[in-house]
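Structural features, examined
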Amino acid sequence: MATLARLQARSKFVAQQYYFRNSVVDIFRKKEYDAAVKIQSWFRGCQVRAYIRNLHRVATIIQKWWRSYSGRQEYQLIVKFASCAMKMNLYNAMAVRIQRRWRGYRIRKYCFNYFYLKEYLKAVSETNDAIREALEEFAEMKEREEKKANFEREEKKRDYQARKMHYLLSTKQIPGIYNSPFRKDPDPWELRLQKAKPLTYQRSKVKQKRCISLSSWLACTSARSFPRSEILPPIDRKQCQGPFRDITEVLEQRYKPLEPTLWVAEPISELKVARGEFRRQEWMRNVNDNMFLPFSSYHKNKKYTPLMHSSSKYGPNSYGSQHFRDENPKKWICDKDFQTVLPSFDLFSKYGKLYSKAGQII
């Protein structure tokens, strides 16, 4: 009990000592912790720097070996290309030398050999002379043949002309134009006419072709309008060569039938027929078949349908100008329409609105 009392008496002192000692330990503990952290960070930094230096050294060694290898490969390639270029230059130089020697030998032996060239030129000149003589003979032969052909052609023309002019041959009674008595000797054409035979025209048998018959347009003509001849020209004869029209077309244009005047050609009832045709056409073109009856009550209860482009639901479109007979209810004296005694005015008052709208549309 004494010990417990003693401890209780010293409890406050013990608590102060415990707190003091713990506070001192905490101060030293933080300082030691900071020192340990600093030592660890320094050591770890030294380790990392040493590792990075090792990595740099190893990378440098790898790069050095790779660059040396790639440099050797590139240098070998350059040396290979240089050696190939040197070989090609040498081969070209040797080829040029060989070609020069061969061309010199060939020129000296074949091209500039005096005796060989003299023999070659002599052979060429002899060949040229032979070909020239052959060409001259051929040209003379062609010229003779052409002259002969021209002479024969001219003779044929003269013979044909003599046969055509055989009627100009002189007789015992009447001398011809080529055998004039005022001449000493007859003309050569006279002798040619004596030798020639007269030309006779033979009609060639032509197949009957389909031609336009003139009976259709000759039937409507009379003796006064179409002077017919006893002998008509042959229709089926051979057409002349050249830009000539058909004979039927020419005859149709030359002998046209009579064209009566309008007074004779038109019937008496032409006006009546024309009016009937006009009414028929108007009835065919008329869209609205409802006839307008102004003097009846047909349109009394019928509402007028205005046009779309000239009116709207707000009234007629004025387009900047006032229309005739526009309605203005504000100026009216009363709502009743003006009544007149005359039936014409009464009719006009009934259909005034319709007429005014029709005037707007027009």
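Note that the coordinates shown come from a computational prediction; the quantities given were computed from them, not determined experimentally. (Residues numbered from 1 in each chain as written. Predicted model: local features only at pLDDT ≥ 70, side-chain atom pairs only at ≥ 80, totals over all residues. Heavy atoms only, no water.)

Bringing the overall build of the protein into the picture now. The secondary structure content of the protein amounts to 10 helices and two strands. Accessible area of the protein: about 35,200 Å², with a carbon and sulfur share of 60%. (Helix = DSSP H or I, 4+ residues; strand = E, 2+ residues; numbered from the N terminus. Areas by Shrake-Rupley, 256 points an atom, 1.4 Å probe, with all protein chains shown as cover.)

Quick look at the packing of aromatic side chains now. Enumeration over the complete set of coordinates arrives at three aromatic pairs. Relative to Tyr105, the ring of Trp102 has its centre 5.8 Å away and its plane inclined at 40°; by these criteria the two rings are tilted. Taken together, the residues span about one helical turn, with Trp102 and Tyr105 both in helix 2 (residues 11-111) at a distance of three residues. Across from the ring centre of Trp189, 5.7 Å away, lies the NZ or CZ of Arg192, which sits over that ring. (Phe/Tyr/Trp six-rings, centres within 6.5 Å; stacked < 30°, edge-to-face > 60°. Lys NZ or Arg CZ within 6 Å of the ring centre and 35° of its normal.)

Once that is clear, we can look at the confidence of the model for the protein. Per-residue pLDDT for the protein averages 76, and the proportion of residues at 70 or more is 66%. Here residues 341-362 is modelled with pLDDT under 50, and outside its nearest four sequence neighbours on either side it reaches 25 contacts, counting other chains as well. (pLDDT = per-residue confidence, 0-100. Contact = heavy atoms within 4.5 Å.)

On to the nonpolar core. Among the nonpolar cores identified, the biggest contains five residues, and these are Ala162, Met165, Tyr178, Leu193 and Ala196. Not counting residues within four places of it along the chain, the set of residues in contact with Ala162 comprises Trp189, Arg192, Leu193 and Ala196. (Core = buried A, V, L, I, M, F, W, Y, C linked by side-chain atoms within 4.5 Å. Buried < 20%, exposed > 50% of the residue type's maximum accessible area, 1.4 Å probe, protein only.)

Moving on to the side chain of Ser170. With respect to the secondary-structure elements, Ser170 resides in the loop between helix 3 (114-164) and helix 4 (188-195). A polar contact is formed between the side chain of Ser170 and the side chain of Asn179, at a distance of 3.4 Å. Discounting chain neighbours no more than four positions away, the residues touching Ser170 are Pro175, Gly176, Asn179 and Glu190. (Polar contact = N/O pair within 3.5 Å; in protein donor to acceptor, adjacent residues only side chain to side chain.)

Take the pattern of salt bridges next. Under the counting rule described, the total for this entry stands at seven salt bridges. Ionic pairing is found between Asp129 and Arg132, a salt bridge with its closest N-O pair at 3.1 Å. In this pair, Asp129 and Arg132 are both assigned in helix 3, three residues apart and thus about one turn of the helix distant. Of the residues examined, Arg132 reaches a relative accessible area of 45% and is grouped as partly exposed. Lys147 serves as the salt-bridge partner of Glu143, at 3.6 Å between the closest nitrogen and oxygen. You can see Glu143 and its partner Lys147 sitting in helix 3, four residues apart, about one turn around the helix. Judged by its relative accessible area of 44%, Glu143 falls in the partly exposed class. (Salt bridge = Lys/Arg side-chain N within 4 Å of Asp/Glu carboxyl O.)

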